Amino acid sequence: YGPLNSGVRPLMQPSEIAKIIVGRARELLVPLGFRRKSRLFSRSRNDLLQLVQVQASQSNSQQASSSTVNLGLWVPVLEPGSAPSITGAHWSHRLGFVSPEHQDTWWKADDLATANLCANEIAASIRDYGLAALDAVPDVSSLLDLWSAGASPGLTAVQAARYAGKLRGATRQP
């Protein structure tokens, strides 16, 4: 800003935008017991890990950035010694699909104002919809019930059946 370029918004690099969005997510999630590793937040709940990941679009440019949020549940007993990840999660959803819109949502930003707006909207959506979706599956038994009912968000039916078999063997459930 200034007298020579009045009205021109200074654009931000995608990495700067990501810092704002991840920072706002951190402000929400860390006080709730989540730990942060890069763009992935995780917390232990009963026998599961709840995951929240801020994902940047692969098509981000130097002029604009798009971000979405992935939610996941990780069952440590199924992957001993492995690091939790959204791509390996045993239940996963995009934040937009658990919100009232029920659609994939990408937030776009290119300057400080839109970065802050996106960060606030993302944090509010995580708080209002994401955490409730994660808490709706409070433990491995609930996840098994979902899989038995044919619901396996983020997995194929074959993957869900294989994981269910492993879990029943590990926990000796019928």
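Residues numbered from 1 in each chain as written. Predicted model: local features only at pLDDT ≥ 70, side-chain atom pairs only at ≥ 80, totals over all residues. Heavy atoms only, no water.

**Student:** In this structure, what is going on with the nonpolar core? I would like to understand it.
**Tutor:** Grouped together as the largest cluster of nonpolar side chains are 41 residues, with contacts concentrated most on Leu 29, Val 52, Leu 71, Trp 91, Ile 126 and Trp 147. Put simply, the parts of the chain that give this core at least two residues each are helix H1 (14-29), strand S3 (48-56), strand S4 (65-74), helix H2 (95-98), strand S6 (107-109), helix H3 (112-135), helix H4 (140-148) and helix H5 (157-171). The element contributing the most residues to this core is H3, with eight residues. Ignoring anything within four residues of it in the chain, the contact list for Val 52 reads Leu 29, Phe 34, Arg 39, Leu 40, Phe 41, Val 69, Asn 70, Leu 71, Ile 126 and Leu 134. Counting six residues, the second-largest nonpolar core is a separate cluster that includes Leu 49, Leu 51, Trp 74 and Ile 86. (Core = buried A, V, L, I, M, F, W, Y, C linked by side-chain atoms within 4.5 Å. Buried < 20%, exposed > 50% of the residue type's maximum accessible area, 1.4 Å probe, protein only. Helix = DSSP H or I, 4+ residues; strand = E, 2+ residues; numbered from the N terminus. Contact = heavy atoms within 4.5 Å.)

**Student:** Sorry, what's going on with H3 here?
**Tutor:** In an α-helix there are 3.6 residues to a turn, and that puts residues three or four apart on one side. Over its 24 residues, H3 extends 33 Å from the first C-alpha to the last, a length consistent with the 34 Å expected when each residue adds 1.5 Å. Of all the bends in H3, the greatest measures close to 40° and is centred on Ile 126. When we look at burial in H3, the residues that qualify are Ala 115, Cys 118, Ala 119, Ile 122, Ala 123, Ser 125, Ile 126, Gly 130, Leu 131, Ala 133 and Leu 134. (Expected span 1.5 Å × (residues − 1). Bend = angle between axes of the 7 residues up to and from the residue.)

**Student:** What exactly am I supposed to notice about the packing of H1 against H3 here?
**Tutor:** Between H1 and H3, whose axes approach to 9 Å, the crossing angle comes to 35°. Helix-helix and strand crossings are classified by hand; for H1 and H3 the assignment is right-handed. Together, Ile 17, Ile 20, Ile 21, Arg 24, Ala 25, Leu 28 and Leu 29 of H1 and Leu 112, Ala 115, Asn 116, Cys 118, Ala 119, Asn 120, Ile 122, Ala 123, Ile 126, Arg 127 and Leu 131 of H3 make up the contact between the two elements. For the contact of H1 with H3, the class distribution of residues is 14 nonpolar, two polar and two charged. (Axes fitted to C-alpha atoms, helices over the stretch in contact; angles between N-to-C directions. Left-handed = near helix turned anticlockwise from the far one by under 90°. Nonpolar A, V, L, I, M, F, W, Y, C, P; charged D, E, K, R; others polar.)

**Student:** Would you take a moment to explain the confidence of the model for the protein for this structure?
**Tutor:** Atomic detail in the predicted coordinates should be set aside for any region of low pLDDT. Averaged over all residues, the pLDDT of the protein equals 89, while 88% of them reach at least 70. Note that pLDDT drops below 50 for residues 1-6; the model gives that stretch three contacts with residues more than four away or on any other chain. (pLDDT = per-residue confidence, 0-100.)

**Student:** I would appreciate a short explanation of unusual backbone geometry in the present structure.
**Tutor:** Outside of glycine, negative phi angles account for most residues, and trans bonds account for most peptide bonds. Phi angles above zero are rare outside glycine, and Asn 46 is one such case at about 55°. Residue position: Asn 46 is located in the loop between strand S2 (40-45) and S3. Non-glycine residue His 102 carries a positive phi angle of around 50°. Note on placement: His 102 falls in the loop between H2 and S6.

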